[in-house]
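Geometric and topological summary
Chain by chain, the residues run as shown.
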Amino acid sequence: MRFTGTVKSFVSARVRTVVCNAAVCGVAVAAAVSVSTVATGAADGAPTEPAPGTSGLDPALAVSYTLASNEARAQGVPLWITSGKRSDAQQRQLWRDAIAAYGSPEAARRWVLPAEESPHVRGDAVDVGPREGASWLEAKGNRWGLCRTFMNEWWHFELATTPGTPCPPMWPDAAVRADRLARH
C-alpha cells in the first residue's frame, strides 16, 4: 500500500477522508460498507510508503502518522513508533507486568489498560520515541489530527482532533479517560 497527500479510507461501515496538502489536513467521516484505501495527490507528486510500525493501525491513524513522520524526517527530527497495534495477548501481558510493577490494578491502570479497554488493541493509538520526536509531534501533530492524549505519557498519541484544529485538553491518565467513557 502506498500513501500520498489525499487519502480516502473506507473501513468497516465508515469512511474517513483525510485531505492533506502542504498547509493543513482535514478529516470528514461518513457511512460506507466496503474496505479499501485510495491514495493520490502528494504535494510533490511522489508516493509515500507507510511509516514503519503502522501495520494494523486504523487506516486514518496510519496515514496521519505517516505524513507527520515524513515531515519530521524532512525537518531532521527523529521520530518512530515504539508501539502501535497490539494483540490482545500482548496487551494482557503488559497488563500483568504493570500490576506486578505498580502493585495493584488501580495503580497499573494509570499506565497500562486491560486489553478490553486499550486503544492499542483497537489500532487507535501509537507510542512514539525518542522524546525529541514526541515533543515535536506534540507541538505539530494537530496538523494531521494527532494529539498527545495523556498528561503522564509523553509518548502516547491518537487521532483526537480534526486536522488543523487545536488538540483537546489531555486526560490526566488512561484510567481517568477509561472510567469516564465507561460511565457514558
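Our subject is the structure that appears above.
Overview of the structure.

The rules behind the values
- Counting restarts for each chain: residues are numbered from 1 in the order of the written sequence.
- At least 70 in pLDDT is required for a residue's local features to be given in this predicted model, at least 80 for side-chain atom pairs to be given and counted, and no such filter applies to totals for whole chains, interfaces and linings, which use all residues.
- Excluded from the side-chain calculations are hydrogens and water; all other atoms, namely the structure's heavy atoms, are used.
- A helix here means a DSSP run of H or I that spans at least four residues, while a strand means a run of E at least two residues long, and both kinds are numbered starting from the N terminus.
- N or O atoms within 3.5 Å of each other form a polar contact, as long as, within protein, one can give a hydrogen and the other can take it, and as long as residues adjacent in sequence are counted only when both atoms are side-chain atoms.
- By the convention used here, residues are in contact when the closest approach between their heavy atoms is within 4.5 Å.
- Think of a nonpolar core as a cluster: buried Ala, Val, Leu, Ile, Met, Phe, Trp, Tyr and Cys residues, connected wherever their side-chain atoms sit within 4.5 Å.
- Accessible area is worked out with a 1.4 Å probe on protein chains only. A residue is then buried under 20% of its type maximum, exposed over 50%, and partly exposed in between.
- Pairing of aromatic side chains requires ring centres within 6.5 Å, counting the rings of Phe and Tyr and the six-membered ring of Trp. Pairs whose planes differ by under 30 degrees are stacked, by over 60 edge-to-face, and all others tilted.
- Pairing between strands is defined by DSSP: at least two bridges between the two strands are required.
- For helices, the fitted axis covers only the stretch in contact; all axes are lines through C-alpha atoms, and the angles between them, taken along N-to-C directions, range from 0 to 180 degrees.
- In what follows, a disulfide is any cysteine sulfur pair within 2.5 Å.

Focus: the side chain of Ser83
For Ser83, the position within the fold is in strand β5 (residues 80-83). One polar contact links Ser83 to Arg86, side chain to side chain, over a distance of 2.8 Å. If near-sequence neighbours (up to four positions away) are discounted, Ser83 is found in contact with His120, Ala125, Val126 and Asp127.

Quick word on the nonpolar core
In terms of nonpolar packing, the biggest core is built from 20 residues, with Tyr65, Leu79, Val126, Val128, Trp136, Leu137 and Leu146 touching the most fellow members. Going through the elements one at a time, α1 (59-74), β6 (126-129) and α5 (131-140) are the ones with two or more residues in this core. Of all the elements, α1 adds the most residues to this core, at seven residues. Apart from the residues lying within four places of it in its own chain, the contact partners of Leu146 are Leu61, Ser64, Tyr65, Ala68, Leu137, Gly141, Glu158, Leu159 and Cys167.

Concerning the packing of aromatic side chains
Tallied over the full model, the rule gives four aromatic pairs. Between the aromatic rings of Trp154 and Trp155, the centroid separation amounts to 5.4 Å while the plane-to-plane angle is 85°, which identifies the pairing as edge-to-face. Classification of Trp154 by relative accessible area gives partly exposed; the value is 25%.

A short note on the sheet that holds strand β7 (residues 146-148)
Ordered by their spatial adjacency, four strands build an open sheet running β5-β6-β8-β7, and the pairing between neighbours is antiparallel. Looking along the sheet, the strands with just one partner apiece sit at the ends: β5 and β7. Averaged over neighbouring strand pairs, the angle between their axes works out to 50° when direction is ignored. As paired elements, β5 and β6 share three bridges and run antiparallel to each other. Across the sheet, the residue bridging to Trp80 is Gly129, located in β6.

Structural notes on the pairing of strand β8 (residues 156-159)
Relative to β8, β6 is paired through two bridges, and the arrangement is antiparallel. Bridge pairing in β8 links Asp127 to His156. Summarising the sheet, β7 and β8 pair through three bridges and their orientation is antiparallel. Within β8, the position partnered with Cys147 by the bridge is Glu158.

Examining unusual backbone geometry
That bond from Gly129 to Pro130 is cis: its omega, -10°, falls within 30 degrees of zero. Here Pro130 shows up in the loop between β6 and α5.

With respect to the state of the cysteines
Under the defined criterion, the tally for this structure stands at one disulfide. The partner cysteine of Cys147 in its disulfide is Cys167, sulfur to sulfur 2.1 Å. One quick way to see it: the torsion about the S-S bond of Cys147 and Cys167 is about -90°, and its sign makes the bridge left-handed. Taken together, the positions of Cys147 in strand β7 and Cys167 in the loop between β8 and α6 (174-183) put the pair 20 residues apart, joining distant regions of the chain. Take Cys167: its relative accessible area is 30%, and that puts it in the partly exposed class.

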